[in-house]
Structures are given as structure tokens and as C-alpha cells.
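Chain by chain, the residues run as shown.
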Amino acid sequence: MKMTIAEFERQYRDVKPNHEYWFGEAVPKAGATSTHGLLQNIVTMTLDEAGYKAAPEVTLKISSDFQPVPDVIATAGRFERPYPTKPVDVVVEILSPEDSLQRVLRKCKLYSAWGIPLVVVLDPDGREGWIWEDHTLRPTTAIVLENGRSISLDRIFRELDAELQ
């Protein structure tokens, strides 16, 4: 039996690891490694430097059926409070070892259907990234933002390597 969003919030609000609400089910987020956490911080910082407001682990409440918690979200404008209920400008998902490609692809598809213009997936182990475009993940070497700024993945991964030493 599917749980309601109210039941989900009551049961999983303070449960670690975080859970996402997926169409009546509580889905645990993949465990974040220290590498994942460092990359999350670097992406948040570089998006801020590029003129966006960025934040990690914010629940998107755009739909009553699917309420994901992306690794990083960003907007060129102001954040809605307490949760975004309209599409943000950027969503970044960082792969964890237990992530399922099927789940990541489904998230990308749903983010795009909501009208989020830039969906980025980063792999901290493989040091590569993709953008969601034309219903598929396409390899990329940079996060190109709508304000004309660009963040090189080489820079992001160099900073990650420096933090890991």
C-alpha cells in the first residue's frame, strides 16, 4: 500500500540517511561518502561564485507524488522558503557507489519534465560529468549556466583532488 506524503513526512522527516518520496514510497538516498560530501561542497561553492544561490540537500516540493532531495540545487533568483515548489535553475546529482543508473535517469527525466533547465550528473570516482539533454545524459566538460558563466569540470575535480590529499 502506498503511503501518503503526510505519512512519509511523519515517519521519515528525521531519519538518517535521508529518504526521498517516490510515488508513495520512501526511497533511501544512497549513502554519501566523504568524497561525495567534499564534491557537494565544491559544487555549491563554485555555483555561488558563478552568481547563483546554491544549497545542498534541499527537498523539492514541486509535486505531491515525487519529492526528491538533489545533492545540490541552484537558482539565479531567490530561494522559495521553506522549500522550492517551482522549478529551480540547476540540479546537480552526485553519484554514490550504490546509485542505480535507472534511478538517476528517472530523476533526470522528472526534473526535465518539471522544467528545470539544467540537470547535471557528476561521478566523483570516474571524474566525469553529464548533462541531461534531449532525453539522455550527454558527456560534458563544463557546467554552462544561463547567465553566461561556465564552471569547468576539470577545475571542480582538481579542487576535489586537492581536498582529498
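In the block above lies the structure referred to throughout.
The present account deals with the structure reproduced in this document. All figures in this text were calculated on a predicted structure; none of them were measured in a lab.

1. So, the overall build of the protein
Regarding its fold elements, the protein presents four helices and 11 strands. With respect to the principal axes defined by its C-alpha atoms, the protein has extents near 45 × 30 × 30 Å. Evaluated residue by residue, the protein yields a buried proportion of 43% over its 165 residues. A separation of at least 24 residues holds for 54% of the contacts in the protein among residues at least 6 apart in sequence.

2. Brief notes about the packing of aromatic side chains
Aromatic rings in a pair are described by how distant their centres are and how their planes are angled relative to each other. Within this structure, the stated rule accounts for seven aromatic pairs. Relative to Tyr 12, the ring of Phe 8 has its centre 5.5 Å away and its plane inclined at 25 degrees; by these criteria the two rings are stacked. Of this pair, Phe 8 and Tyr 12 are both found in helix H1 (residues 5-12), four residues apart, which corresponds to roughly one turn of the helix. Using a relative accessible area of 23% as the deciding quantity, one classes Tyr 12 as partly exposed. On the numbers, 4.9 Å between centres and 80 degrees between planes, the contact of Trp 22 with Phe 66 is edge-to-face. Separated by 44 residues along the polypeptide, Trp 22 in strand E1 (residues 19-22) and Phe 66 in strand E4 (residues 66-67) bring together distant segments of the chain. Each member of the pair, Trp 22 together with Phe 66, is buried. Through a chain of ring-to-ring contacts, the aromatic side chains of Trp 22, Phe 23, Phe 66, Tyr 111 and Trp 114 assemble into a single cluster.

3. As for the sheet that holds strand E5 (residues 72-75)
Read across the sheet, six strands follow the order E3-E5-E6-E7-E8-E9 without closing on themselves; strand pairing throughout is mixed. Unpaired on one side and paired on the other, strand E3 (53-56) and strand E9 (136-140) mark the two borders of the sheet. When the angles between neighbouring strand axes are averaged without regard to direction, this sheet yields 25 degrees. Examined bridge by bridge, strand E8 (residues 128-133) and E9 share five bridges and lie antiparallel to one another.

4. A few points about the packing of helix H2 (residues 34-49) against helix H4 (residues 153-164)
Relative to each other, H2 and H4 sit at 135 degrees, their axes nearing to 10 Å. As summarised for this structure, H2 and H4 are arranged oblique, according to the angle between their axes. Note on packing geometry: the crossing formed by H2 with H4 is right-handed. Contact residues: Thr 35, Leu 38, Leu 39, Ile 42, Val 43, Met 45, Thr 46 and Glu 49 in H2; Arg 155, Ile 156, Phe 157, Glu 159, Leu 160, Glu 163 and Leu 164 in H4.

5. Things to note about the sheet that holds E1
On the basis of which strands lie adjacent, the open sheet formed by three strands has the order E2-E1-E4 and antiparallel pairing. Two strands in the sheet have a free side with no partner beyond their single neighbour: strand E2 (25-28) and E4. Along the sheet, H1 makes contact with E1, E2 and E4, crossing E1 at roughly 170 degrees.

6. Overview of the pairing of strand E6 (residues 90-94)
Buried residues dominate E6, accounting for five of its five residues. Judged from the five bridges that link them, E6 and strand E7 (residues 118-123) form a sheet pairing that is parallel. Looking at the pairing, Val 92 lines up with Val 120 of E7.

7. Structural notes on the nonpolar core
Nonpolar side chains in soluble globular proteins tend to be buried together. Of all hydrophobic cores here, the largest spans 23 residues; its most connected members are Leu 47, Val 92 and Leu 145. Those elements giving two or more residues to this core turn out to be H2, E5, E6, E7 and H4. Dropping the residues within four chain positions of it, Val 92 is found in contact with Val 43, Leu 47, Pro 70, Asp 71, Val 72, Val 120 and Leu 122.

So, how was this worked out
Residues numbered from 1 in each chain as written. Predicted model: local features only at pLDDT ≥ 70, side-chain atom pairs only at ≥ 80, totals over all residues. Heavy atoms only, no water. Helix = DSSP H or I, 4+ residues; strand = E, 2+ residues; numbered from the N terminus. Buried < 20%, exposed > 50% of the residue type's maximum accessible area, 1.4 Å probe, protein only. Contact = heavy atoms within 4.5 Å. Phe/Tyr/Trp six-rings, centres within 6.5 Å; stacked < 30°, edge-to-face > 60°. Pairing = 2+ DSSP bridges. Axes fitted to C-alpha atoms, helices over the stretch in contact; angles between N-to-C directions. Parallel < 35°, antiparallel > 145°, perpendicular 65-115°, else oblique. Left-handed = near helix turned anticlockwise from the far one by under 90°. Core = buried A, V, L, I, M, F, W, Y, C linked by side-chain atoms within 4.5 Å.

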